[in-house]
Amino acid sequence: MAIVASGEAALVLTDPPYFPADLELQLFQPRRSQLDPEPIWNRLVEFANSLSDVYREIARVVGNTGIAAIEIKDIRYGEFLLPLSAVHQKIAMDAGLWMRSRIWIEPANRNPKHAPKFRSSPNVGSFRTYDCGQVLIFGSKAFESRLGRLLDPDLLSPHELLSPSWRVAVAQKFRTHQHQSPPEMIRRLIKLYTMPGELVVDPFAGSSQTLRIASELGRRAVGYEIDAVRASGVLGT
């Protein structure tokens, strides 16, 4: 992120990769064949730690006045829920970012195929909830709040926004990635943490959805993507 000056970003909003490509096949095998979580967990932690340099750059570009919003989730493997979000939180703290808030993200249009077995067979001892994503909100330890204008009137009311859980629809248009973020979530976060003309950065730009929405809202946007296919659609304005 060398083209972004230290402290220049009002918001880093990103969804980092959760696992290496070669692990994806194992994670999407039938649940009944996912029996031993330990080797999977070790690979997840190893891969997350490989992103440490990116987290240090995130801390640099947000400085003491910007916010880093990291979309992350724990990983389901068989009957186990592997706490990947805690690993990313620790990496962010080691980079100098301290968590200020957390938003649980619940899809408004859940796929019934992904429901826990308890939904169809509510047996004692088999209960577990739906898995949710989350957005971790970070700032510098020396964070200096910036007073901006009042919120856009088309946002939810402050009371609704204060709920620790947001129910939002998954991406439908421009969907080029199976892990694409809910666009309404992106729109809310940009409006909550930036003003028009300020800089939004996405170091894992993927389909460039965050950059597209930031530009539509009148923010400057810079993104990075190492996947050559996806990078062809990444914007930088």
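Here is what the cut-offs are and how they apply
Residues numbered from 1 in each chain as written. Predicted model: local features only at pLDDT ≥ 70, side-chain atom pairs only at ≥ 80, totals over all residues. Heavy atoms only, no water. Helix = DSSP H or I, 4+ residues; strand = E, 2+ residues; numbered from the N terminus. Rg over C-alpha atoms; globule rule 2.2 N^0.38 Å. Buried < 20%, exposed > 50% of the residue type's maximum accessible area, 1.4 Å probe, protein only. Axes fitted to C-alpha atoms, helices over the stretch in contact; angles between N-to-C directions. Parallel < 35°, antiparallel > 145°, perpendicular 65-115°, else oblique. Left-handed = near helix turned anticlockwise from the far one by under 90°. Contact = heavy atoms within 4.5 Å. Nonpolar A, V, L, I, M, F, W, Y, C, P; charged D, E, K, R; others polar. Phe/Tyr/Trp six-rings, centres within 6.5 Å; stacked < 30°, edge-to-face > 60°. Pairing = 2+ DSSP bridges. Core = buried A, V, L, I, M, F, W, Y, C linked by side-chain atoms within 4.5 Å.

> Mind laying out the overall build of the protein, listing which residues take part and the relevant values?
A count of helical and extended segments in the protein gives eight helices and nine strands. In terms of overall size, the protein behaves like a compact globule, its C-alpha atoms giving a radius of gyration of 18 Å where 237 residues would be expected to give roughly 18 Å. Dimensions of the protein, computed from the C-alpha atoms along their principal axes, are close to 50 × 40 × 35 Å. Expressed as a percentage of its 237 residues, the buried residues of the protein come to 42%.

> For the packing of helix H6 (residues 183-193) against helix H7 (residues 209-216), give the residues involved together with the corresponding values.
Here H6 crosses H7 at 50 degrees, and the two axes come no closer than 10 Å. Of the possible angle classes, the one that applies to H6 and H7 is oblique. Where H6 crosses over H7, the two elements pack in a sense that is right-handed. Listed contacts from H7 to Pro183, Ile186, Arg187 and Ile190 of H6 are Gln209, Thr210, Ile213 and Ala214. Of the residues contributing to the contact of H6 with H7, the split by class is five nonpolar, two polar and one charged.

> Tell me what's going on with the packing of aromatic side chains, and back it up with residues and numbers.
Summed over all chains, the structure comprises one aromatic pair. Aromatic side chains phenylalanine 118 and phenylalanine 127 sit 5.1 Å apart centroid to centroid with 85 degrees between the ring planes, which places their arrangement in the edge-to-face category. Classification of phenylalanine 118 by relative accessible area gives partly exposed; the value is 26%.

> Residue-level account of the packing of helix H2 (residues 38-49) against helix H4 (residues 84-94), with values.
Running from N to C, H2 and H4 cross one another at 25 degrees; their axes reach a closest spacing of 10 Å. Overall, the two elements H2 and H4 adopt an arrangement that is roughly parallel. The interaxial crossing formed by H2 with H4 has right-handed handedness. On H4, the residues that touch Trp41, Leu44, Val45, Ala48 and Asn49 of H2 are Leu84, Val87, His88 and Ile91.

> Give me the lowdown on the sheet that holds strand S5 (residues 97-107), citing residues and values where you can.
On the basis of which strands lie adjacent, the open sheet formed by seven strands has the order S7-S5-S6-S2-S1-S8-S9 and mixed pairing. Of all the strands in the sheet, just strand S7 (165-168) and strand S9 (220-223) have a single pairing partner and so form its edges. Averaged over all pairs of adjacent strands, the angle between strand axes in this sheet comes to 25 degrees, irrespective of strand direction. Judged from the eight bridges that link them, S5 and strand S6 (residues 133-140) form a sheet pairing that is antiparallel. For tryptophan 98, the partnering residue across the bridge sits in S6 and is glycine 139. Strand contacts of H6: strand S1 (9-14), strand S2 (67-73), S5, S6, S7 and strand S8 (199-202), with the helix running at about 130 degrees to S7, the strand carrying the most contacts.

> Talk me through H7; I want residue IDs and the actual numbers.
An α-helical turn contains 3.6 residues, so a residue and the one three or four places further along point in the same direction. Among all positions of H7, only Gln209, Thr210, Leu211, Ile213 and Ala214 are buried. Buried residues along H7 sit in contact with S1, H6, S8 and S9. In the segment just after H7, glycine 218 is the residue with positive phi, at about 85 degrees.

> Could you give an account of the nonpolar core, with specific residues and numbers?
Counting residues in each nonpolar core, the largest one holds 35 residues, and the members touching the most others are Val12, Leu44, Tyr55, Ile58, Leu84 and Leu97. A total of five residues in this core trace back to one element, the largest contributor, which is helix H3 (residues 52-62). Once residues lying within four places of it in the same chain are set aside, the contact partners of valine 12 are Ile58, Val61, Val62, Ile67, Ala68, Ala69, Val201 and Pro203. In terms of nonpolar packing, the next biggest core, distinct from the first, is built from 21 residues, Ile137, Val168, Met185 and Ala221 among them.

> Could you give an account of the pairing of S2, with specific residues and numbers?
The element S2 is largely enclosed, with a buried count of six among its seven residues. As defined by bridge partners, S1 adjoins S2 across four bridges and the pair is classed as parallel. In the sheet register, leucine 13 faces S2, and the bridge partner there is alanine 69. Pairing of S2 with S6 involves six bridges; the strand directions are antiparallel. Note that in S6 the partner of alanine 69 across the bridge is isoleucine 137.

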